Amino acid sequence: MNVKIPDASMKFILFAGLTFMAALAIAGQPKPVAHKFDEFEIEGDRYGSFRSQALRTKAERVKKRMLVERGKRLILIGYNAQISQVSSPWRNNVAEEFRWLLGHAPSIGSPTILDGGLREKESIEVWIAAKTADDPQPSPEYERSEKIECPAVELSAMPFQYEEKTIDFKINFQPGLEKDIRWRVVGGDIIKRSADGITVKETNGPGSRVTAFLEVPEMPMPCTNRFSSEAFFRVEPVFIDEFGTLPNGDLRARMDNFLVELQNNPQDQGVVHIYSGRDRGGRDAIARERLFRNHIRFRRFPADRITVVMAGSREEFETSLWRVVPGSDPPKPKPTLDKRFVVNTP
């Protein structure tokens, strides 16, 4: 006896079969995994490292790669040093601070920040993964129970005093470490000592370097008991930042950082060097000059404190930011190409 299957039932059976086959196909595919893009240690003190051009270059490389890896996510794993100073409330995970360098470009999105635990030195791993991939597993070198926190000691150089030609080195540490501290200076003479630091007089002329060395005998083992800080008896411009083509939001963030730097040094002037690139730099340089001036106006920053200079041409389109201290000459442009070799030069 023949039984006729209603059309609706046939459609359901066909749909269920196709769904089952699709599920089998998906199950047979390997699951996406995260791939490590970079790994590096934070050399020296953290504050100095995150202002260095080397770390900024790494951040730029990550941003360029994320433009290629569209639709994927960025994962940053930060490792703390096994031996470190007592944690401060403001001391974020090192990966959080690197994320700040990346800015707010759309290709970056909201990176996943992971605490990787402890290694010999502070370090960062940069991973790129598909949306459905699992987070990579951290690879610490020490157990968290092996962390050694040393008493905090901060040694820093205060701004150069132009009239007196001196620099102050200040110390800040926990009570009980002040006993028998010892100072040594290279590049200047100690003319004053106090409980919180020393004053050093210039001896080698303008632009010379001075390094202060501090020994704290009461520091417990295995913590380091020697610290140093260097400064310059400056009369030359202070380099702030340099960058090429950037997303609009990132570019404005760099401009804001520059304005904050000038705001924190109200006696100084700002200088912006804009270099056209070989391929289409002439028109890009003019557009950037216009954007910079408009941004200064938008932020209501005193325009007379910033000089924008069309500084010539380089291989790549670049902008350099400088802070000029009182008594110093403005930075000299350093082009690498004659303008006649640049396409679209006005």
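Going by the structure above, here's the rest.
Residue indices follow the written sequence of each chain, beginning from 1 at its first position. Restriction of local features to residues with pLDDT of at least 70 applies here, the model being predicted, together with a cutoff of 80 or more for giving and counting side-chain atom pairs; totals for whole chains, interfaces and linings are based on all residues. As a rule here, side-chain values come from all non-hydrogen atoms in the structure, and water together with hydrogens is ignored.

Peer 1: Could you clarify how one ought to interpret the environment of T224 in this entry?
Peer 2: Of note, T224 is situated in the loop between β12 (209–215) and β13 (226–232). Exposure classes here rest on a 1.4 Å probe applied to the protein chains alone. A residue is buried below 20% of its type maximum, exposed above 50%, and partly exposed in between. Overall, T224 belongs to the partly exposed group, its relative accessible area being 49%. On a C-alpha basis, the gap between T224 and P151 in space is 9.9 Å, while along the polypeptide they are 73 residues apart. Polar contact criterion, stated in full: a pair of N or O atoms within 3.5 Å, where within protein one must be able to donate a hydrogen and the other to accept it, and residues adjacent in sequence count only if both atoms are side-chain atoms. A polar side-chain atom of T224 sits 3.4 Å from the main-chain amide nitrogen of R226. Put simply, DSSP marks the helices as runs of H or I at least four residues long and the strands as runs of E at least two long, and each gets a number from the N terminus on.

Peer 1: What should I look at first to understand the state of the cysteines in this one?
Peer 2: By definition, a disulfide links the sulfur atoms of two cysteine residues through a covalent bond. Disulfide assignment relies on a single distance test, namely cysteine sulfur atoms paired within 2.5 Å. Taken as a whole and judged by the stated rule, the model has 1 disulfide. A sulfur-sulfur separation of 2.0 Å characterises the disulfide bridge that pairs C150 with C223. Because the sign of the S-S torsion sets the handedness, a value of about -90 degrees for the bond joining C150 and C223 places this disulfide among the left-handed ones. Here C223 lies in the loop between β12 and β13 and C150 lies in strand β6 (residues 148–150), a separation of 73 residues in the sequence. Taken as a pair, C150 and C223 share a single burial class, namely buried.

Peer 1: Teacher, can you tell me more about the pairing of strand β8 (residues 166–173) here?
Peer 2: In summary, the side chains of a regular strand alternate between the two faces of the sheet. Summarising burial for β8: 6 of the 8 residues are buried, a large majority. Where strand β7 (residues 153–157) and β8 come together, 5 bridges link them in antiparallel fashion. Paired with A157 across the bridge in β8 is F169. Strands were regarded as paired on the criterion that DSSP finds at least two bridges between them. As paired strands, β8 and strand β11 (residues 197–202) are joined by 5 bridges and run antiparallel to one another. When the bridges of β11 are listed, D168 appears paired with T199.

Peer 1: Looking at this model, I keep getting lost on the sheet that holds strand β10 (residues 188–194). Mind explaining?
Peer 2: Hydrogen bonds between backbone groups are what pair the strands of a sheet, and the pairing can be parallel or antiparallel. Taken in spatial order, the 4 strands make up an open sheet running β7-β8-β11-β10, and their pairing is antiparallel. Both outer strands of the open sheet, β7 and β10, are each paired with one neighbouring strand and no more. Along the sheet, successive strands turn relative to each other by an average axial angle of 20 degrees, direction set aside. Pairing of β10 with β11, which is carried by 6 bridges, proceeds in the antiparallel orientation. Directly across from R193, in β11, lies its bridge partner I198. Working convention: axes come from line fits to C-alpha atoms, limited for helices to the stretch in contact. Angles between N-to-C directions cover 0 to 180 degrees.

Peer 1: How should helix α4 (residues 94–102) be read in this particular structure?
Peer 2: α4 sits mainly inside the fold: 7 of its 9 residues count as buried. Structurally, the start of α4 carries an N-cap: the backbone nitrogen of A95 is 2.7 Å from a side-chain oxygen of N93.

Peer 1: Would you mind going over the pairing of strand β2 (residues 73–81) with me for this structure?
Peer 2: The buried fraction of β2 is high, at 8 of 9 residues. The pairing of β2 with strand β5 (residues 123–129) spans 7 bridges and is antiparallel. Bridge assignment links G78 to a residue of β5, and that residue is I124. Examined bridge by bridge, β2 and strand β4 (residues 112–119) share 7 bridges and lie parallel to one another. By the bridge assignment, A81 is partnered in β4 with R119.

Peer 1: Explanation requested: the packing of helix α3 (residues 53–68) against α4 in the structure shown.
Peer 2: Pairs of packed helices are described in terms of their axes, by the angle between the two and the distance that separates them. Running from N to C, α3 and α4 point in directions that differ by 70 degrees, and their axes come no closer than 9 Å. Regarding the angle of α3 to α4, the classification is roughly perpendicular. As for how α3 packs across α4, the hand of that crossing is right-handed. For the pair formed by α3 and α4, the contact residues are L55, R56, K58, A59, V62 and K63 on the first element and F98, L101 and L102 on the second. Side-chain classes follow a simple rule in which Ala, Val, Leu, Ile, Met, Phe, Trp, Tyr, Cys and Pro form the nonpolar group, Asp, Glu, Lys and Arg form the charged group, and the remainder, Gly included, forms the polar group. Tallied by class, the residues present in the contact of α3 with α4 amount to 6 nonpolar, no polar and 3 charged. The labels follow the angle: roughly parallel below 35 degrees, roughly antiparallel above 145, roughly perpendicular from 65 to 115, and oblique for the rest. In this scheme the handedness of a crossing depends on how the near helix is turned from the far one: anticlockwise by less than a right angle means left-handed, clockwise means right-handed. Here a residue-residue contact requires only that any non-hydrogen atoms of the pair lie within 4.5 Å.

Function-wise, these values are silent; they only describe arrangement.
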